Amino acid sequence: MSAPGALRQTGEVTRQVRRRSPVTWVQRGGLSSVLFALPLLIVFGIFSWWPILRSIVMSFQKTNLVGDPTWVGWKNFEFVLTDPDLPTAILNTLYFALLALIFGYPIPLVAAVLMSSVRKRKGVFSVLAYLPVVVPPVVAVLLWKFFYDGSQDGVFNTLLGYVGLGPYSWLSDTTLVMPSLVLEATWAAAGGTVIIYLAALLSVPDELYDAAEVDGAGIWRKVWHVSMPQLRGVLLITFILQIIGTVQVFLEPYLFTGGGPANATITILLMIYDYAFGRSLGGNYGAATALSVMLATFLAILSLVYFKLTSGWSKS
């Protein structure tokens, strides 16, 4: 190797050593960045990771959170897996998630596309779309429970009576009860997703729409060939978030029906609550945490597989 080449290689090695040295790391702000993030890491560890680790330990124990816990190994998992209500809860949860995806996933997208095409008063429509999210969830459920009154004088039954339909026992019919819960959940949560889609649509360059219009594209061709490709990454994220959120449904079954009628709305999270607080005064916290760990593991694996399969879609 020539002398100039050796000198250049030596200089490059020296620069790499300097970049990796602790003194250089501190001088470049590495220590200050760590100190700045340390409070957040401590708070996150105490209130997020520690409960997760504690739940994993509790899933192998028998405890009422008062006395000393007893190590029982896999018995809590065996108890949960042999519970006759578990298959029903799993099917009901999957049914709720499926209905929520069929109705709750496309509706915010369609609403966002229509609102983005409005020329005037776009802010008013955004406020109206987001308004259900502002309503406290318990208040929203109680309000819809009033609407779902199964008598002939109920709000929905009265409206349907004008066209010769009904009355329907919305929350007492095993066939209608789950779609009724999904309808309220979609109304309550769609506003936040609409705002996300609207923000993503605002980032689409107007030149793309102008070029499509010059080519003679109508509004639906603009949506399909311009808007949708630009929203691909956002759609993939909201899809998995919707799956995770709907699989963890609890509020609607708990407040609307308590799992009834005839276990038609019992879900996995409702079973977890029932294990911990509903079946006995002491509570079977070991079984509750065991089922929680099983659900969390399933969702984690599902998310990893989903992101692995779709990693190239958002970039293509």
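Cut-offs used in this document
Residues numbered from 1 in each chain as written. Predicted model: local features only at pLDDT ≥ 70, side-chain atom pairs only at ≥ 80, totals over all residues. Heavy atoms only, no water. Helix = DSSP H or I, 4+ residues; strand = E, 2+ residues; numbered from the N terminus. Buried < 20%, exposed > 50% of the residue type's maximum accessible area, 1.4 Å probe, protein only. Contact = heavy atoms within 4.5 Å. Areas by Shrake-Rupley, 256 points an atom, 1.4 Å probe, with all protein chains shown as cover. Core = buried A, V, L, I, M, F, W, Y, C linked by side-chain atoms within 4.5 Å. Phe/Tyr/Trp six-rings, centres within 6.5 Å; stacked < 30°, edge-to-face > 60°. Patch = residues over 30% accessible without salt bridge, like charges linked within 9 Å, V, L, I, M, F, W, Y side chains within 5 Å. Salt bridge = Lys/Arg side-chain N within 4 Å of Asp/Glu carboxyl O. Expected span 1.5 Å × (residues − 1). Bend = angle between axes of the 7 residues up to and from the residue. Axes fitted to C-alpha atoms, helices over the stretch in contact; angles between N-to-C directions. Parallel < 35°, antiparallel > 145°, perpendicular 65-115°, else oblique. Left-handed = near helix turned anticlockwise from the far one by under 90°. Nonpolar A, V, L, I, M, F, W, Y, C, P; charged D, E, K, R; others polar.

## Concerning the overall build of the protein
So, point 1. Assigned secondary structure in the protein consists of 16 helices and 2 strands.
So, point 2. Counting all 316 residues of the protein, 34% fall into the buried class.
So, point 3. Long-range pairs, those at least 24 residues apart, make up 63% of the contacts in the protein with a sequence separation of at least 6.
So, point 4. Entry remark: accessible area of the protein is about 19700 Å², with carbon and sulfur atoms responsible for 69%.

## With respect to the nonpolar core
So, point 1. Among the nonpolar cores identified, the biggest contains 25 residues, and Val80, Val247, Met271, Ile272, Tyr275, Leu291 and Leu295 are the most heavily contacted of them.
So, point 2. Val247 has contacts with Thr93, Ala97, Leu295 and Leu299, leaving out every residue within four places of it along the chain.
So, point 3. With 17 residues, the next largest nonpolar core counts Leu99, Phe156, Leu181 and Ala185 among its residues.

## Structural notes on the packing of aromatic side chains
So, point 1. A full pass over the atoms with the stated rule returns 25 aromatic pairs.
So, point 2. Relative to Trp49, the ring of Phe44 has its centre 6.2 Å away and its plane inclined at 70 degrees; by these criteria the two rings are edge-to-face.
So, point 3. Taking relative accessible area as the criterion, Phe44 reaches 43% and is therefore assigned partly exposed.
So, point 4. Ring geometry for Phe156 and Trp170: centres 6.1 Å apart, planes at 75 degrees, overall edge-to-face. Separated by 14 residues along the polypeptide, Phe156 in helix H9 (residues 155-161) and Trp170 in the loop between H9 and helix H10 (177-202) bring together distant segments of the chain.
So, point 5. Exposure remark for Trp170: the relative accessible area of 15% places this residue in the buried category.
So, point 6. Ring pairing ties together the aromatic residues Trp144, Phe146, Phe147, Tyr148, Phe156, Tyr168, Trp170, Trp187 and Phe256, which thus form one cluster.

## Observations regarding unusual backbone geometry
So, point 1. With an omega dihedral of -10 degrees, the bond running from Gly260 to Pro261 counts as a cis peptide bond.
So, point 2. Assignment of secondary structure puts Pro261 in the loop between helix H14 (251-257) and helix H15 (268-278).
So, point 3. The backbone of Asn263 sits at a positive phi, close to 60 degrees, despite the residue not being glycine.
So, point 4. The topology assignment puts Asn263 in the loop between H14 and H15.
So, point 5. Looking at Asn263, the relative accessible area reads 31%, which means it is partly exposed.

## Observations regarding a nonpolar patch on the surface
So, point 1. A cluster of nonpolar residues, Leu31, Leu35, Leu38, Leu41, Ile42, Val43, Ile46 and Phe47, forms a patch on the protein surface that exposes about 780 Å² of accessible area.
So, point 2. Summarising the element assignment, Phe47 is placed in helix H3 (residues 30-58).

## A few points about H10
So, point 1. Spanning 26 residues, H10 covers 38 Å between terminal C-alpha atoms, matching the ideal 38 Å at 1.5 Å per step.
So, point 2. The largest bend along H10 reaches roughly 40 degrees and is located at Ala190.

## Some words on the environment of Ala262
So, point 1. Tracing the chain through its elements places Ala262 in the loop between H14 and H15.
So, point 2. The class for Ala262 is exposed, based on a relative accessible area of 76%.
So, point 3. Linking Ala262 and Ser172, residues 90 residues apart in sequence, is a C-alpha distance of 9.3 Å.

## What about the environment of Ala140?
So, point 1. Along the chain, Ala140 turns up in helix H8 (residues 137-147).
So, point 2. Given the relative accessible area of 1%, Ala140 is considered buried.
So, point 3. Taking C-alpha positions, Ala140 is 9.8 Å from Glu252, a pair spaced 112 residues apart along the chain.
So, point 4. Those residues in contact with Ala140 that lie beyond four places of it in its chain are Val135, Glu184 and Trp187.

## Looking at H15
So, point 1. Those residues of H15 not exposed but buried are Ile268, Leu269, Leu270, Met271, Ile272, Tyr275 and Ala276.
So, point 2. Contact partners of the buried residues in H15: helix H4 (75-81), helix H5 (86-104), H14 and helix H16 (285-309).

## Some words on the packing of H5 against H10
In a pair of packed helices, the angle between the axes and the distance between the axes together describe the arrangement.
So, point 1. Between H5 and H10, whose axes approach to 9 Å, the crossing angle comes to 50 degrees. It follows that H5 is oblique to H10 by the angle criterion. Crossing hand, H5 versus H10: right-handed. Counted together, Asn92, Tyr95, Phe96, Leu99, Ala100, Phe103 and Gly104 of H5 and Met178, Pro179, Leu181, Val182, Ala185 and Thr186 of H10 form the full contact between these two elements.
So, point 2. Among the residues making up the contact of H5 with H10, the classes are represented as 10 nonpolar, 3 polar and no charged.

## Here we look at the side chain of Thr193
So, point 1. Secondary-structure assignment places Thr193 in helix H10.
So, point 2. Of the residues examined, Thr193 reaches a relative accessible area of 18% and is grouped as buried.

## Considerations on the packing of H10 against helix H13 (residues 232-247)
So, point 1. Taken N-terminus to C-terminus, the directions of H10 and H13 make an angle of 165 degrees; their axes are 10 Å apart at the nearest point. Looking at the two axes, H10 sits roughly antiparallel to H13. Remark: the crossing between H10 and H13 carries right-handed chirality. Taken together, the residues of H13 that come into contact with H10 (itself represented by Thr193, Ile196, Tyr197 and Ala200) are Val234, Leu235 and Thr238.
So, point 2. Residue composition of the contact of H10 with H13, by class: 5 nonpolar, 2 polar and no charged.

No statement about biological role is implied by the geometric values presented.
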